[in-house]
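# Remarks on the overall topology
Now for the letters of each chain:
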Amino acid sequence: MTKKVIITDRELYPSHQIPEDSELDYREQFPDLRPLLQRQFRGIWTRENALRRFPFLVWSPQYNLRKFASDAIAGITVGLTSIPQSIAYAVVANLEPQYGLYSNFMGSFVYAFFGSVKEITIAPTAIMALMVQHIVLELGPAGAVLSSFVSGCIALLLGLLNFGFVVQFISMPVITGFITAAALTIMSSQMKSLMGISSAGRSSGFLDSWTNVVENAGQTRLWDAMLGFGSLAILIFLTLIKGRGSGRWRTATKYLCLLRNALIVISGGTLAFAFACQDQYPFRLTGKVASGFPPIEPPPFSTTFKDEFYDFPRMLRILGSSVITIPLISILEVVSIGKAFSKGNPVDATQEMIALGLCNVAGSFTASIPTTASFARTAINSSSGVKTPFGGVFTGLLVLSALGLLTEYFYFIPKATLAAVIIAAMVFMIEYRAVAEMWRIKRIDIVPFLVTVVACLFIGLEYGILIGICVNLCFLLYLISRPRIEHRVMKINHVNALVLRPTNDLAFSSAEYFREKILSMAGNHEANVVVIDGEMIKYIDSTVVKNISSTVDELRLQGRHVLLWRWNREVQCSLYRYKKDQFLPLFRADDNVEEVVQKWKGATFGEGCV
């Protein structure tokens, strides 16, 4: 049976604040969830929420021919780059090349209508391919497709539960470090293709890429290197002259820059085709891809692989921890890349989770492996001048065309040309200015930035960004555990008073520090009474309550009295519920500290006593 504690002590508040015959109930009151749930359900059917959950309703009314043309150019450019990359990532995942293309169109279609960041391209990535590699070895293609479905469901569920707040723990230094490391890693992984090295191994990591390039530098192909470095120089030059000059020249450079990626890819393919007509093959080409559309069917919840049958529970056991890690890393990537390309605009992380979940669930019906935002292709999409998420539709259509009609034409695209397109996009994604700004504004931010860069480069992008977030959270926890305490010493009617004022809330991490700081300050000053001003404290937990209690006891043993002035009512209730007799006489709510000390003196020594 719960005992109701009633207090009528008139010393807690000035008489004008408490009506006659009132009682203060100090039981903890739990919030009524019904009004909150009612507001949430009513908010589902509002126009504002519909626009947030269906972003195409925002941009489609203003869509015009100019935006259509820009989206088409960007989408086709991304598609030309994405097709060979997707084929390569399928091989990394131990799948046949066409699975890379199967994974590269449904996400583009779905994100075009549900995505909120126009630059983002949803596609298979090196990280996702590596994370399903062991699954494919044990379950075959069915394991990768089921992984796409399960990770999509989890991402969608997190989005529907409004878990977008987690991105608040990703700071700008961490994002900057992730962008820089990702750009360097992707550039490094493309060096072997840029130089025409064919035996550098399958590696996408920073160290592995450079190790393989150095070890196989003697296999560099002259024609590939000339085409690759020449294409790279042209792309960088066209980027630098964008919008320069005046009049027609300014317009020409603008559109030439927008078309630069597509022009380079088409030029490289035309050149390779011309040599092939003369029965010469000086370049390493993308090669043949099996044509045909994927079957549209539900994801496999059972499969037979290597003459062994696997039911759904057994498949889930083999998926293991990837059921959690794949959706979490994919969410982290899509939100980080979205914030990187949003140009300061807020990113609706919840909507990005929903869009990513729908992309993977829908993709699993067309034999797709898990997908997420692709950093390289998003950069190309941005640099190509995309105007709305509808650009992804053109990428998806090009991939479908490649599967059904154009595989023989993509055969002739040189790998060196594609590598040049990717590297050129990465050169301008390295955050040079952001690093300089951090150094100028707050140099301590360099620490999480450098930790993120080093961890991403030497451990991996998926682990590096998690390490960067953890380091940043350590900084935050340290600040929380070291609250600032303002203090002043006052002499009021021959009484030495030490007034302490914490400037923020107190949690368990700051409890011991708060106690030691008060005892230390009290020991450094000859004070008869210690007044703790709790005006800024709105929350304390049980650990803090116990520490405050022991602090009061220790100060009393030293011959000092403690008064708790202007404390929040909920905080008072927490202290009172712990030890009623100890804290009840300590609370004060006078207008100024002089009144607090004078009333305490009068009550303790009697009026007129010194």
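Read on for a plain summary of the structure.

The next subject is the packing of helix α14 (residues 260-277) against helix α20 (residues 415-427). Across the interface, α14 lies against α20 with an axial gap of 9 Å and an inter-helix angle of 165 degrees. The angle between α14 and α20 places the two elements in the roughly antiparallel class. α14 and α20 meet at a crossing whose hand is right-handed. Of α20, the residues touching α14 (which contributes N261, I264, V265 and G268) are T417, L418 and V421. Considering only residue class, the contact of α14 with α20 consists of 4 nonpolar, 3 polar and no charged.

Attention now goes to the nonpolar core. A general trend in soluble globular proteins is that nonpolar side chains are found buried together. Judged by nonpolar contacts, the single largest core of 95 residues is most densely connected at I83, L95, I120, I122, F375 and M426. Here this core takes 12 residues from helix α10 (residues 172-195), the largest share from any one element. Dropping the residues within four chain positions of it, I83 is found in contact with L101, N104, L398, V399, A402 and F410. Counting residues in each nonpolar core, the second largest holds 28 residues, with L498, L500, A522 and L564 among its members.

All right, on to the pattern of salt bridges then. Taken as a whole and assessed by the stated rule, the structure comprises 14 salt bridges. D533 is the salt-bridge partner of R501, the closest N and O atoms lying 3.4 Å from each other. In this pair, R501 sits in strand β8 (residues 495-502) while D533 sits in strand β9 (residues 529-533), placing the two residues 32 residues apart along the sequence. Among the salt bridges present, the one from D590 reaches K599, with a minimum N-O distance of 2.7 Å. Here D590 falls in the buried class, since its relative accessible area comes to 7%. Classification of K599 by relative accessible area gives partly exposed; the value is 47%. One salt-bridge network, held together by shared partners, links R484, E486, R501, D533, E535 and R566.

A word on the pairing of β8. Buried residues dominate β8, accounting for 6 of its 8 residues. Bridging between strand β7 (residues 485-492) and β8 involves 8 bridges; their strand directions are antiparallel. The residue of β8 that forms the bridge with I485 is P502. The hairpin formed by β7 and β8 contains 2 residues between the paired strands, and N493 there has a positive phi angle of roughly 55 degrees. Following the backbone out of β8, through helix α24 (residues 508-524) and into the adjacent parallel β9, one traces a crossover that is right-handed.

Turning our eyes to something else, we now look at the side chain of S481. In this fold, S481 is placed in helix α23 (residues 461-481). At 2.8 Å, the side chain of S481 forms a polar contact with the backbone oxygen of Y478. If sequence neighbours within four positions are ignored, S481 has contacts with S509, S510 and Y513.

Among the surface-exposed residues, L207, V454, F458, I459, Y463, L466 and I467 lie close enough to one another that they form a single nonpolar patch of about 630 Å² accessible area. Elements supplying a minimum of two residues to the nonpolar patch: α22 (446-458) and α23. Here the nonpolar patch takes 3 residues from α23, the largest share from any one element. Along the chain, L207 falls in helix α11 (residues 206-215). Look at L207 and you get partly exposed, because its relative accessible area is 41%.

The rules we used
Residues numbered from 1 in each chain as written. Predicted model: local features only at pLDDT ≥ 70, side-chain atom pairs only at ≥ 80, totals over all residues. Heavy atoms only, no water. Axes fitted to C-alpha atoms, helices over the stretch in contact; angles between N-to-C directions. Helix = DSSP H or I, 4+ residues; strand = E, 2+ residues; numbered from the N terminus. Parallel < 35°, antiparallel > 145°, perpendicular 65-115°, else oblique. Left-handed = near helix turned anticlockwise from the far one by under 90°. Contact = heavy atoms within 4.5 Å. Nonpolar A, V, L, I, M, F, W, Y, C, P; charged D, E, K, R; others polar. Core = buried A, V, L, I, M, F, W, Y, C linked by side-chain atoms within 4.5 Å. Buried < 20%, exposed > 50% of the residue type's maximum accessible area, 1.4 Å probe, protein only. Salt bridge = Lys/Arg side-chain N within 4 Å of Asp/Glu carboxyl O. Pairing = 2+ DSSP bridges. Right-handed = clockwise from strand over helix to strand, strands pointing away. Polar contact = N/O pair within 3.5 Å; in protein donor to acceptor, adjacent residues only side chain to side chain. Patch = residues over 30% accessible without salt bridge, like charges linked within 9 Å, V, L, I, M, F, W, Y side chains within 5 Å. Areas by Shrake-Rupley, 256 points an atom, 1.4 Å probe, with all protein chains shown as cover.

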